[in-house]
Structures are given as structure tokens and as C-alpha cells.
Amino acid sequence: MTRRLKSILALLAGNAIGLLLAALLLPEFAIRPISFIVVVIVFTLVQWIAEPVILKLGQKRAPAIKGGIALIVTFVGLLVTDLITNGLTIGGISNLLAATLLVWLGALIGSIVLPIYVFTELREPKK
């Protein structure tokens, strides 16, 4: 398996962990089991597309938000995924904000743990 494919799988797994964490801890945040894979893929694609756009806008207009880009991308990813899929229900603005933190945290933990135990090739720097 190539490094790029392992990197994509690790990203998908990290996002799946974050979404599951939010679904377990937030009362009105729900993902239909039959739609879970679609929700994870759409969420990851939205993040992948939105990140460079938000990063570019942030650098031009508000360089101070550079550290919060990952949270903003997660927020946008959740919002857009909720709008374009039927499998995700966020349940209000407070759940959206809490889910943003939980999904970001779950994905962060996944991005640290998965390369250590599952995708060991990702621990080494690119050649």
C-alpha cells in the first residue's frame, strides 16, 4: 500500500473516530448507521477542499486565526456535510459548536495514535 493511500485511510479513520465521539457524547448529534461511511467520506472531502481556501482567506484577511484553521475547517465540514447528506443530524448551534471541538479532538487523537500503531510508515518523514 502506498504512503498516500495510507495517509488518506488514516485521515478517514481519524475523522470517523471524531464523528463517533460526537455522536456518542452529544444528545441530538446523530449519524444514521447506514449512512456512516458516506458521512465520513463527504466530511473528509469537504475538509480537504475547504482547508486550502480557508487557509488562504485567513492569511490575507485575518492572520491571527491561523492557529484556529483546523477548528474552522471542522466547523465548515460539519455544516456542509449536514446540508448535503441525509445521514447526519447536528441538532442546533450549540451541538454544532460542541461537535466541532469533539470531532477535531477525535481526529487529532486519531492522527497521533494511528501512525504509531497502525500506519507505522507515516511516522517517518517523506523522502
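Coordinates for the structure precede this section.
Figured I'd write up the structure that's included with this text.

### As for the side chain of N95
Part 1: Relative to the elements of secondary structure, N95 occurs in helix 4 (residues 93–117).
Part 2: The residues touching N95, leaving out its near neighbours within four places in the chain, are L26, P27, E28, F29 and I90.

### Notes on the packing of helix 3 (residues 69–84) against helix 4
Part 1: At a closest axis distance of 9 Å, the pairing of helix 3 and helix 4 adopts a crossing angle of 120°. On the basis of the axis angle, helix 3 is oblique to helix 4. Judged by the twist between their axes, the crossing of helix 3 over helix 4 is right-handed. Along the contact surface, helix 3 presents A70, L71, T74, F75, L78 and L79, while helix 4 presents L96, L97, A99, T100, L101, V103 and W104.
Part 2: For the contact of helix 3 with helix 4, the class distribution of residues is 11 nonpolar, two polar and no charged.

### Digging into the nonpolar core
Part 1: Grouped together as the largest cluster of nonpolar side chains are 16 residues, with contacts concentrated most on L19, A22, F29, L78 and L88.
Part 2: Breaking this core down by element, the ones donating at least two residues are helix 1 (3–25), helix 2 (36–61) and helix 4.
Part 3: Ranked by residues supplied to this core, first place goes to helix 4 with four residues.
Part 4: Aside from chain neighbours lying at most four places away, what touches L78 is L19, F29, F43, L88, I90, L96, A99, T100 and V103.

### Section: the side chain of T81
Part 1: Mapping T81 onto the fold places it in helix 3.
Part 2: According to the relative accessible area criterion, T81 is buried, its value standing at 0%.
Part 3: Ignoring anything within four residues of it in the chain, the contact list for T81 reads V39, V42, F43, V46 and L88.

### A word on the packing of helix 1 against helix 4
Part 1: Taken N-terminus to C-terminus, the directions of helix 1 and helix 4 make an angle of 140°; their axes are 7 Å apart at the nearest point. Compared by their axis directions, helix 1 and helix 4 come out oblique. Classified by chirality, the crossing of helix 4 by helix 1 is right-handed. Residues A10, A13, G14, N15, I17, G18, L19, L21, A22 and L25 of helix 1 lie in contact with helix 4, whose contacting residues are A99, L102, V103, G106, A107, G110 and L114.
Part 2: For the contact of helix 1 with helix 4, a count of residues per class yields 12 nonpolar, five polar and no charged.

### A few points about the environment of A70
Part 1: Relative to the helices and strands, A70 is located in helix 3.
Part 2: Given a relative accessible area of 39%, A70 falls into the partly exposed group.
Part 3: Put simply, A70 and L108 are 38 residues apart on the chain and 9.7 Å apart in space, counted from C-alpha to C-alpha.

About the cut-offs
- Residues numbered from 1 in each chain as written.
- Predicted model: local features only at pLDDT ≥ 70, side-chain atom pairs only at ≥ 80, totals over all residues.
- Heavy atoms only, no water.
- Helix = DSSP H or I, 4+ residues; strand = E, 2+ residues; numbered from the N terminus.
- Contact = heavy atoms within 4.5 Å.
- Axes fitted to C-alpha atoms, helices over the stretch in contact; angles between N-to-C directions.
- Parallel < 35°, antiparallel > 145°, perpendicular 65-115°, else oblique.
- Left-handed = near helix turned anticlockwise from the far one by under 90°.
- Nonpolar A, V, L, I, M, F, W, Y, C, P; charged D, E, K, R; others polar.
- Core = buried A, V, L, I, M, F, W, Y, C linked by side-chain atoms within 4.5 Å.
- Buried < 20%, exposed > 50% of the residue type's maximum accessible area, 1.4 Å probe, protein only.

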